[in-house]
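The primary structure of each chain is shown beneath.
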Amino acid sequence: MHFVFDAELYRWAARADSSWYFVAVPREFSDEIRQIPRVPRGFGAVRVEAEVAGLTWRTSIFPGEADGAYSLPIERAVRERAAAGEGDAIRVALIVLVG
């Protein structure tokens, strides 16, 4: 399945000095992703291919937010390429990898 959405970058709030940044996958897409049959992974992670600002990489999304949305980690190189910082919205293309 393929999803495209705009989401705001946020810093992981569990640690004040965190250098981890994420975007939340919209709830409606998170609900669809949860229904896709796939091999179970630790921590409820789902393997994906992500694209932001012309950069494509493989990673995992993780269940997190209290509202049930998955979170996608955004590396520094991606944030720099998108010229985006905390609070900025970025366009994300996401493909769920089921194999």
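The structure this text deals with has already been given above.
Everything in this summary refers to the structure shown in the same document. Position numbers for residues start from 1 in each chain and track the written sequence from start to end. Two thresholds apply to this predicted model, a pLDDT of at least 70 for residue-level local features and 80 or more for giving and counting side-chain atom pairs, whereas whole-chain, interface and lining totals are computed over all residues. No hydrogens and no water enter the side-chain calculation; it runs on all heavy atoms of the structure.

### Here's the deal with the nonpolar core
Grouping buried Ala, Val, Leu, Ile, Met, Phe, Trp, Tyr and Cys residues that are joined through side-chain atoms within 4.5 Å yields what is termed a nonpolar core. Only protein chains enter the accessibility calculation, which uses a 1.4 Å probe; a residue whose area is less than 20% of its type maximum is buried, one above 50% is exposed, and one in between is partly exposed. If you look at the biggest cluster of nonpolar residues, it comprises 25 residues, and the most contacted ones within it are Phe5, Val23, Ile33, Ile61, Leu72 and Leu94. Helical segments are the DSSP runs of H or I of at least four residues, strand segments are the runs of E of at least two, and each set is numbered from the N terminus. Only strand S1 (2-8), strand S3 (21-24), helix H1 (27-34), strand S4 (46-52), strand S5 (55-63), strand S6 (70-73) and strand S7 (89-96) provide two or more residues apiece to this core.

### Focus on the packing of aromatic side chains
Two rings from Phe, Tyr or Trp (for Trp, the six-membered ring) form a pair when their centres are within 6.5 Å of each other. A pair whose planes differ by under 30 degrees is stacked, one over 60 is edge-to-face, and the rest are tilted. Under the criterion given, the structure shown has 4 aromatic pairs. Consider the rings of Tyr10 and Phe22, whose centres lie 5.9 Å apart with planes at 25 degrees: the pair is stacked. Linking Tyr10 in strand S2 (residues 10-11) with Phe22 in strand S3, this pair joins segments that are 12 residues apart in sequence. Taken together, a centroid distance of 6.3 Å and an interplanar angle of 20 degrees make the contact between Trp20 and Phe22 stacked.

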